[in-house]
Amino acid sequence: MADPIAEVAKKHPAPEGIVYAYGTAGFRTKAEVLDSVMARCGLIAALRSRALGGKSIGVMITASHNPPEDNGVKLVEPLGNMLAEEWEVLSTEMANKATPEDVSAFYREIAERFNIKLSTPAHVVIGRDTRASGARLLSCVLDGVKAAGAEPKDYGFLTTPQLHYMVRCLNTQDTSDAYGTPTEPGYYEKFSEAFKRALGGKKISGSLTVDCANGVGGPKLTELVKYLPPKDQGLEIFVVNDNVIKPESLNVECGADFVKTNQRAPPSSKSGPNDRCCSLDGDADRLVYYFKDSNNMFHLLDGDRIATLVASFLGDLVRHSGLSDILKLGVVQTAYANGAATNYVEQNLKLTVDCTPTGVKHLHHAAAKLDIGVYFEANGHGTVIFSAATLEAIAKHEPRSPAQKESLDVLKACIDLINQSVGDALSDMLLVEVVLAHKNWGPQEWLATYNDLPNRLLKVVVSDRNQFKTTDAERKLVKPDGIQKQIDAEVQKVRQGRSFARASGTEDAVRVYAEAATRAEADDLARKVAEIVKAAGSA
Ligand code: G16
């Protein structure tokens, strides 16, 4: 009898000489070498669904901030979380099996290892961004899903957070934890309704220009706007860089990664002084704000700024609702967080800060240990999560005054406005607008909360980035031997210096971060550390 698993692996053979790894955000590389990986991810998703009794598992086809010729895939757990680590390892192993027979044998081995009955119904939910390669790669995923006998549900184009939302909704439908309606209109209705409530009658001043990186966020934001209150009662949004008809323009000279890395607005930006602007990335899970002041000077309000803004606002709401004795808030960052932001959270907001390795799954995990965990990467990727006990405490809390009730209502609305499954640029954007409206702040007031230390992020291409191994939440290198000592020596030479290097999990490069008291010192430190990395990487 024909073996459908071996057949599908034969239809999508793995190219020779490529070693795949499930990295920071799934598999990500040149789209032309991803067919076999996609088909095998379809198989893994089906197995994972069966291992969880038939729950829906998500497959998102995207390479997010990467260039247009790349693509990638990440798997999503039933509540919208990132794939369990053990299954990342299995996915990597599956992706690297050489022959169709090996793929089939490994498929059965996984089933045996996890006691999976291959007759259990399985459900796989798929979304993709607007890359040109997406349609082909989708058909590969579908081949894998069908070969495994699972039922696929293809949502077509979605932002990554929308796919996470759909997965969570599908798996919680008709339960007391029902998250929402698993449709696009359901998504827009949920978040726009929460936005209206969270504003609590406050007025938003000025408009917001949103750069959509020429990615899927453009059409989805245009759709969301239709559900938001009319601009005189809500928010006037100008959507720019939303050209998805030209996929080769994705992330080119625009988008959150461009703005954060280059510390400047997209060259196409026509904003005037003090105009609020923000950028999404290619799959709309990252958000950074920025503006130009009256001297035409650019100011970035990145993920650290969103975290501090949101943490301070939620802290106030918790206090004003009379809940501060029972609920503790904390912030989770990575090594990329600006030292000034960390200091501000600890010294001014008096909140705890955890530092984890890069990758949302690490931050999410740390935030899940807190009552209210605010987690953001400096690149703009993040959200806030509330523990089950926290949600219960908030739901049960009886306000003692009209003022307490008002704060409690806004807190409840914010919980609905924040995408609990994953960092979501659209929902984060509405949240930032709500906070600014409540504080009656423009970008200048937001910026004035603390002064960022000048910093620089560089990419260094080396022959094998995997030789760079880190410890201490990626803040120190343990390999190549002796390299950390050289970095430390350079850091000592500048005031308020801090620097680290780590292998990217999404691009073929080592990233170098440096900060210092002045722009010149930060740039110089980054350059020196990049030279050290380059030399060690070519040794
Ligand atoms: C992904 C991850 C983020 C990470 C970023 C860069 O973002 O989801 O957690 O910060 O890659 O990772 P690395 O420095 O390892 O390349 P995205 O928006 O590209 O999916």
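Everything quoted here is computed from the prediction, not taken from an experiment.

### Observations concerning the overall build of the protein
No. 1: Of the regular secondary structure elements, the protein holds 18 helices and 19 strands.
No. 2: On C-alpha atoms alone, the protein measures out to a radius of gyration of 23 Å, which is about the 24 Å that the 2.2 N^0.38 rule sets for 539 residues.
No. 3: Taking the principal axes of the C-alpha coordinates as reference, the protein spans close to 70 × 60 × 45 Å.
No. 4: Residues counted as buried form 58% of the 539 residues belonging to the protein.
No. 5: Taking contacts inside the protein between residues at least 6 apart in sequence as the whole, the part at least 24 apart equals 70%.
No. 6: If you sum the accessible surface of the protein, you get close to 21,500 Å²; carbon and sulfur atoms cover 51% of it.

### Things to note about the sheet that holds strand β3 (residues 70-76)
No. 1: Strands sit in the order β1-β3-β2-β4-β5 across an open sheet of 5 strands; the sheet is mixed. At either margin of the open sheet sits one strand with a lone partner, and together these are β1 (27-30) and β5 (151-157). Across this sheet, the average inter-strand angle for adjacent strands is 15 degrees, counted without regard to direction.
No. 2: Looking at chain direction, strand β2 (residues 56-61) and strand β4 (residues 123-128) are connected through 6 bridges and run parallel. Bridge pairing links Ser56 to His123 in β4.
No. 3: Contacting β1, β2, β3 and β4, helix α2 (residues 35-51) crosses the sheet at an angle of about 5 degrees to β3.

### Brief notes about helix α18 (residues 519-537)
No. 1: An ideal rise of 1.5 Å per residue puts 27 Å on 19 residues; α18 measures up with 26 Å between its terminal C-alpha atoms.
No. 2: Among the residues making up α18, those that are buried are Glu521, Ala522, Leu525, Ala526, Val529, Ala530, Ile532, Val533, Ala536 and Gly537. Along the axis of α18, the buried positions cluster into a sector of 165 degrees, meaning they face one direction only.

### A look at the state of the cysteines
No. 1: As enumerated under the stated definition, the model contains 0 disulfides in all.
No. 2: Residue Cys169 stays outside any disulfide, its sulfur separated by 19 Å from that of Cys414, the closest cysteine.

### Here's the deal with the site of the ligand
No. 1: The immediate surroundings of the ligand are formed by 20 residues, with His65, Glu377, Ser504, Gly505 and Thr506 found nearest.
No. 2: The separation between an oxygen atom of the ligand and a polar side-chain atom of Asp281 is 3.0 Å.
No. 3: Note that an oxygen atom of the ligand is positioned 2.5 Å from one of the side-chain N or O atoms of Ser504.
No. 4: About the coverage of the ligand: the protein hides 98% of its 470 Å² of free accessible area.
No. 5: For the shell around the ligand, the residue count by class is 2 nonpolar, 10 polar and 8 charged.

### Digging into the nonpolar core
No. 1: Phe195, Val210, Tyr289, Leu314, Cys414 and Met429 are the most contacted members of the largest nonpolar core, which totals 81 residues.
No. 2: When residues of this core are assigned to their parent elements, the largest contribution, 10 residues, is made by helix α15 (residues 425-439).
No. 3: If near-sequence neighbours (up to four positions away) are discounted, Phe195 is found in contact with Ile204, Leu228, Pro229, Leu235, Leu417, Leu430, Glu433 and Val434.
No. 4: In terms of nonpolar packing, the next biggest core, distinct from the first, is built from 45 residues, Ala46, Val103, Val124 and Cys140 among them.

### Points about the pairing of β2
No. 1: A large share of β2 lies buried, amounting to 6 of its 6 residues.
No. 2: Of the two faces of β2, the one lined by Ser56, Gly58 and Met60 and the one lined by Ile57, Val59 and Ile61 are each fully buried.
No. 3: Sheet topology places β2 next to β3; 4 bridges connect them, and they run antiparallel. Directly across from Met60, in β3, lies its bridge partner Lys74.

### Observations concerning the packing of helix α10 (residues 303-320) against α15
No. 1: It is the contact of α10 with α15, at a shortest axis distance of 10 Å, that shows an interaxial angle of 60 degrees. With respect to α15, the element α10 is oriented oblique. Along this stretch, α10 crosses α15, giving a crossing that reads as left-handed. Residues Ile306, Leu309, Val310, Ser312, Phe313 and Asp316 of α10 form the contact with α15, whose own contacting residues are Leu431, Val432, Val434, Val435, Leu436, His438 and Lys439.
No. 2: Residues that form the contact of α10 with α15 fall into these classes: 9 nonpolar, 2 polar and 2 charged.

### Some points on the domain arrangement of the protein
No. 1: With domains assigned, the protein is organised as domain 1 (4-157), domain 2 (185-300), domain 3 (303-447) and domain 4 (455-537).
No. 2: Computed from C-alpha atoms alone, the centre-to-centre distance between domain 1 and domain 3 is 33 Å.
No. 3: Listed as interface residues are 7 residues of domain 1 and, on the opposing side, 7 residues of domain 3.
No. 4: For the interface between domain 1 and domain 3, the tally reads 1 salt bridge.

### Considerations on the side chain of His65
No. 1: Along the chain, the position of His65 falls in the loop between β2 and β3.
No. 2: Within the structure, the side chain of His65 is placed 3.5 Å from the side chain of Arg28, a separation counted as a polar contact.
No. 3: Reaching out from His65, the side chain makes a polar contact with the side chain of Glu507 at a distance of 2.9 Å.
No. 4: Leaving out residues up to four positions away in the same chain, His65 has contacts with Arg28, Asn251, Asp257, Asp281, Arg286, Thr506, Glu507 and Arg511.

### Points about the pattern of salt bridges
No. 1: According to the stated counting rule, one finds 38 salt bridges in the structure shown.
No. 2: Here Lys30 ties to Asp70 by a salt bridge, and the two come within 2.7 Å at their closest N and O atoms. Within this pair, whereas Lys30 is found in strand β1, its partner Asp70 is found in strand β3, the two being separated by 40 residues in sequence.
No. 3: Note that Glu392 is salt-bridged to Lys396, the shortest N-O span being 3.3 Å.

Thresholds applied
Residues numbered from 1 in each chain as written. Predicted model: local features only at pLDDT ≥ 70, side-chain atom pairs only at ≥ 80, totals over all residues. Heavy atoms only, no water. Helix = DSSP H or I, 4+ residues; strand = E, 2+ residues; numbered from the N terminus. Rg over C-alpha atoms; globule rule 2.2 N^0.38 Å. Buried < 20%, exposed > 50% of the residue type's maximum accessible area, 1.4 Å probe, protein only. Contact = heavy atoms within 4.5 Å. Areas by Shrake-Rupley, 256 points an atom, 1.4 Å probe, with all protein chains shown as cover. Pairing = 2+ DSSP bridges. Axes fitted to C-alpha atoms, helices over the stretch in contact; angles between N-to-C directions. Expected span 1.5 Å × (residues − 1). Arc of directions from axis to C-beta. Disulfide = S-S within 2.5 Å. Near = heavy atom within 4 Å. Polar contact = N/O pair within 3.5 Å; in protein donor to acceptor, adjacent residues only side chain to side chain. Nonpolar A, V, L, I, M, F, W, Y, C, P; charged D, E, K, R; others polar. Core = buried A, V, L, I, M, F, W, Y, C linked by side-chain atoms within 4.5 Å. Parallel < 35°, antiparallel > 145°, perpendicular 65-115°, else oblique. Left-handed = near helix turned anticlockwise from the far one by under 90°. Domains from an automatic or database assignment. Salt bridge = Lys/Arg side-chain N within 4 Å of Asp/Glu carboxyl O.

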